[in-house]
Amino acid sequence: MQTHPQRIGILGGTFNPIHIGHLRFARSMADTLHLQQVLLMPCTVPPHKAASGILPFATRITILKAALQDTADNRLCISSLEAELTPPSYTWNLLTAFRKKHPQTEPVFALGGEDFTLLRTWYRGMELPKLTHLFVAPRSGREAEAFKSSVEAYWPGSVIKQNGSLLEASPNGMSYRCYFFPLPHLQVSSSHLRSVWMAGGDISRFIPHSALQYLEAHRDEITKIWNEAPVGDPQ
Ligand code: ATP
């Protein structure tokens, strides 16, 4: 595949906390699209999640830094652009701000397959490929068919090509592409890790060593915040 030095990957998320699923997603995007850089971009107040139960932005950044130290992949970097924006953190606003700051750069925004099927519900979701490429990977199971039918439904008349295991869609009327990569499923989520860790379980296989060390060193304050998650919110 052709390299595009002007492209930069963006993996947004809550990162409450970061785990190996995030890292693998970011690296596979860099590998697949030959990106020299992928920015991990934590959100301040996620529009779809309750604000309580989420570690402060600065703490999540500190844990991300610790995780990246261990990862030793210099393509992965942290961006705190979200902290400069007015909440709520809509992807449209984030990418508009990113493009203003980096007019020569084409962002490639990563999202899970389920989120892609819900794109219509996002603020200006249908217009996102005017601002950015999208890199979609399954969060569970095989979601390639759902990707194809969503592209057809969102932007009728779009062309979808198969490029090895990568699907490449050119959404009709839009400037940028949507990619689907069949990343094998890795069953890990921040919510699951929070609940296992707070119950005293071992999460060392799922989170880089230095990030886990930070959690352990601040166990009391972190547990207090994670316990504030509203009733009914998945821990
Ligand atoms: P929570 O369990 O608190 O909802 P999470 O584990 O889903 O958190 P987020 O920070 O919300 O993590 O996710 C950030 C991004 O990383 C999203 O695009 C999400 O789809 C993706 N992601 C998270 N976990 C995985 C995983 N195991 N495999 C692939 N992608 C993942």
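Residues numbered from 1 in each chain as written. Predicted model: local features only at pLDDT ≥ 70, side-chain atom pairs only at ≥ 80, totals over all residues. Heavy atoms only, no water.

1. Considering helix α5 (residues 144–154)
Every buried residue of α5 is accounted for by Ala-144, Phe-147, Ser-150, Val-151 and Tyr-154. All buried residues of α5 project into a common sector of 125° when viewed along the axis, lining one side. Taken together, the buried residues of α5 touch α4 (113–117), β5 (133–137), β6 (159–163), β7 (166–170) and β8 (178–180). (Buried < 20%, exposed > 50% of the residue type's maximum accessible area, 1.4 Å probe, protein only. Helix = DSSP H or I, 4+ residues; strand = E, 2+ residues; numbered from the N terminus. Arc of directions from axis to C-beta. Contact = heavy atoms within 4.5 Å.)

2. Examining unusual backbone geometry
It is generally the case that most residues other than glycine have a negative phi and that most peptide bonds are trans. With an omega of 10°, the peptide bond running from Asn-16 to Pro-17 counts as cis. Within the element layout of this structure, Pro-17 appears in the loop between β1 (7–13) and α1 (20–33). Even without a glycine there, the phi angle at Ala-72 is positive, about 50°. Take Ala-72: its relative accessible area is 69%, and that puts it in the exposed class.

3. Side note on the sheet that holds β5
What the eight strands build is an open sheet, ordered β3-β2-β1-β4-β5-β8-β7-β6; its pairing is mixed. Each having just a single partner strand, β3 (76–78) and β6 make up the two edges of the open sheet. Direction aside, neighbouring strands of the sheet carry axes that sit 25° apart on average. Contacting β2 (38–42) and β3, helix α2 (residues 57–71) crosses the sheet at an angle of about 160° to β3. (Pairing = 2+ DSSP bridges. Axes fitted to C-alpha atoms, helices over the stretch in contact; angles between N-to-C directions.)

4. Some details on the pattern of salt bridges
Under the counting rule described, the total for this entry stands at 10 salt bridges. Between Arg-177 and Glu-168 there is a salt bridge whose closest N-O contact spans 2.8 Å. Between Arg-219 and Glu-216 there is a salt bridge whose closest N-O contact spans 3.1 Å. According to the relative accessible area criterion, Glu-216 is partly exposed, its value standing at 38%. Salt bridges here are not isolated pairs; linked through shared partners, they connect Arg-27, Asp-31, Asp-73 and Arg-75. (Salt bridge = Lys/Arg side-chain N within 4 Å of Asp/Glu carboxyl O.)

5. Observations regarding helix α8 (residues 219–226)
One turn of the α-helix equals 3.6 residues, which is why residues spaced by three or four share an orientation. Within α8 the residues assigned to the buried category are Ile-222, Thr-223 and Trp-226. What you see down the axis of α8 is that its buried residues fit within an arc of 100°, all on one side. Exposed side chains of α8 directed beyond 90 degrees from the buried face belong to Asp-220 and Lys-224. Here the buried face of α8 lies against α6 (190–198) and α7 (209–217).

6. Description of the packing of aromatic side chains
Aromatic rings considered in pairs are described by the distance between their centres and by the relative angle of their planes. The final tally for this structure, using the stated rule, is nine aromatic pairs. Ring geometry for Phe-116 and Tyr-154: centres 5.6 Å apart, planes at 65°, overall edge-to-face. Placement of the pair is Phe-116 in helix α4 and Tyr-154 in helix α5, with a sequence separation of 38 residues. By relative accessible area, which is 1% here, Phe-116 ends up buried. A network of ring pairs unites the aromatic residues Phe-116, Phe-147, Tyr-154, Trp-155 and Phe-180 as a single cluster. The aromatic ring of Trp-197 is capped on one face by Arg-219, whose charged end is 4.0 Å from the ring centroid. (Phe/Tyr/Trp six-rings, centres within 6.5 Å; stacked < 30°, edge-to-face > 60°. Lys NZ or Arg CZ within 6 Å of the ring centre and 35° of its normal.)

7. What about the pairing of β5?
Of all five residues in β5, five are buried; the element is thus mostly enclosed. Taken together, the five bridges between strand β4 (residues 106–112) and β5 define a ladder with parallel strand orientation. For Phe-109, the partnering residue across the bridge sits in β5 and is Leu-134. Note that β5 and β8 share three bridges and pair parallel. By the bridge assignment, Leu-134 is partnered in β8 with Cys-178.

8. Observations concerning the packing of α6 against α8
Between α6 and α8, the shortest axis-to-axis distance is 11 Å and the interhelical angle comes to 125°. By the angle between their directions, the pair α6 and α8 is classed as oblique. Where α6 crosses over α8, the two elements pack in a sense that is left-handed. Contacts between α6 and α8 pair Arg-194, Trp-197 and Met-198 from the former with Arg-219, Ile-222, Thr-223 and Trp-226 from the latter. Here the residues of the contact of α6 with α8 are counted per class, giving four nonpolar, one polar and two charged. (Parallel < 35°, antiparallel > 145°, perpendicular 65-115°, else oblique. Left-handed = near helix turned anticlockwise from the far one by under 90°. Nonpolar A, V, L, I, M, F, W, Y, C, P; charged D, E, K, R; others polar.)

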